[in-house]
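Single-letter residue listing:
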Amino acid sequence: MRTVGAADIIAGLERLGIGRNSIIMVHSSLSSFGRVDGGAEAVIEALQAAVGVDGLVIMPTHAYCFTGRLGVTGYDPLRTPSETGTVPAAFWKRAEVLRSLHPTHSQAAWGNRAAEVLADHDHRAAVGADSPLHRAAQWGGTILQFGVTHTTNTTIHLAESLAEVPYLRIPFRAGWGVEALVRRRDGRTEVVPPVNGECPGASSEFDRLAPLLDGRKLTRRTTIGKALTAATPMAELVEVAVHELRRNPRFFLRNAPDDAYYGRAWATTER
């Protein structure tokens, strides 16, 4: 099996039109590449080299510190592990990378405007209006997917928020609340309600959007090592998803009455 190096990743990004000054929202599976010389750190450094200091690299570092979840002690951006894969886990720990203060759906960023894109995330809806995702989309960002599909694409939750789907206000999983736990600097743990009541839920049906994006020729693809890699402009993706959700709020829902999440979500859309 051929080893993938930083130069291979940079060349692949160039084929997708990603280079200096680009703003990228990265979703990744490290194992999808095959062997990577340098592992997650090499992927991160390749992304940074590709976009340069005037570009912006963003990754999801969600910690899901919801009330009712076993083992949750409160979100601390400097210590709480992320649950979004190997590359984001290495990314947010780097000294030059910033991580937002949102207790359930934090983002990490490096590069130009990193502080600006993450600012006040703890006072914004997790993935809604004026969240880091929304700002990146408005600034011309691109969703970059290394070996993953839209089932990991948090930007589709942004579309759900902008379309005001009713199911964003139910708990993500049975037994979990919609409130979050935050660890303050003095050691106190505080319960925080969700801004606008929004609690992003399941994403297993998000690949339903892919044919619509392809029909509009919005997604570019290449292969880096063994990883099928895709790039889609954020604003255009959000526009397509919002349009579909306003026509049919159940577009991303599965009709599964016995499912702990989808059964409740479907019921909220009944007229």
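Refer to the structure presented above.
Below is a summary of the structure that appears in this document.

## Quick word on the overall build of the protein
A tally of helices and strands in the protein yields nine helices and nine strands. Computed over its C-alpha atoms, the radius of gyration of the protein comes to 18 Å, within 12% of the 18 Å expected for a compact globule of 271 residues. Over its C-alpha atoms, taken along the principal directions, the protein stretches across nearly 50 × 50 × 35 Å. Counting across all 271 residues of the protein, residues that qualify as buried make up 55%. In the protein, once contacts between residues fewer than 6 apart in sequence are set aside, the share between residues at least 24 apart is 69%. As displayed, the protein offers around 12,000 Å² of accessible surface, 49% of which is attributable to carbon and sulfur atoms. The protein carries 30 positive and 28 negative side-chain charges, and their two centres are separated by 2 Å.

## Remarks on unusual backbone geometry
One non-glycine residue, D120, lies in the positive phi region at around 60°. One can find D120 in the loop between α4 (114-118) and α5 (132-138). Positive phi values are uncommon outside glycine, yet D130 reaches one of about 65°. Structurally, D130 can be placed in the loop between α4 and α5.

## Topic: the pairing of strand β2 (residues 56-60)
Buried residues dominate β2, accounting for five of its five residues. Bridge count for β2 against strand β4 (residues 107-111) is five bridges, and the pairing is antiparallel. Directly across from I58, in β4, lies its bridge partner A109.

## Observations concerning the state of the cysteines
Counting across every chain of the model gives zero disulfides. Free cysteine C65: the closest other cysteine sulfur is in C199, separated by 13 Å. Judged by its relative accessible area of 4%, C65 falls in the buried class.

## Observations regarding the nonpolar core
Among the nonpolar cores identified, the biggest contains 47 residues, and I58, Y167, L209, L245 and F252 are the most heavily contacted of them. Mapped by element, the contributors of at least two residues to this core are β1 (23-28), β2, α4, α5, α6 (155-162), α8 (234-247) and α9 (262-268). Discounting chain neighbours no more than four positions away, the residues touching F252 are I156, E160, Y167, E205, F206, R208, L209, A241, L245 and Y262. I44, M59, A90 and W110 belong to the second-largest nonpolar core, a separate cluster that totals 31 residues.

## A look at the environment of S131
Here S131 shows up in the loop between α4 and α5. Sequence separation between S131 and L118 is 13 residues, and the spatial gap between their C-alpha atoms is 7.6 Å. Not counting residues within four places of it along the chain, the set of residues in contact with S131 comprises H121, A125 and A126.

## What about the environment of V242?
Tracing the backbone through its elements, the reader meets V242 in helix α8. You can call V242 buried: its relative accessible area is 9%. A C-alpha to C-alpha distance of 9.7 Å links V242 and V165, two positions 77 residues apart in sequence. Excluding its chain neighbours within four sequence positions, the residues that come into contact with V242 are A159, L162 and A163.

Quick notes on the rules
- Residues numbered from 1 in each chain as written.
- Predicted model: local features only at pLDDT ≥ 70, side-chain atom pairs only at ≥ 80, totals over all residues.
- Heavy atoms only, no water.
- Helix = DSSP H or I, 4+ residues; strand = E, 2+ residues; numbered from the N terminus.
- Rg over C-alpha atoms; globule rule 2.2 N^0.38 Å.
- Buried < 20%, exposed > 50% of the residue type's maximum accessible area, 1.4 Å probe, protein only.
- Contact = heavy atoms within 4.5 Å.
- Areas by Shrake-Rupley, 256 points an atom, 1.4 Å probe, with all protein chains shown as cover.
- Lys, Arg positive; Asp, Glu negative; His and termini not counted.
- Charge placed at Lys NZ, Arg CZ, Asp CG, Glu CD.
- Pairing = 2+ DSSP bridges.
- Disulfide = S-S within 2.5 Å.
- Core = buried A, V, L, I, M, F, W, Y, C linked by side-chain atoms within 4.5 Å.

Honestly, it's all geometry; don't read function into it.
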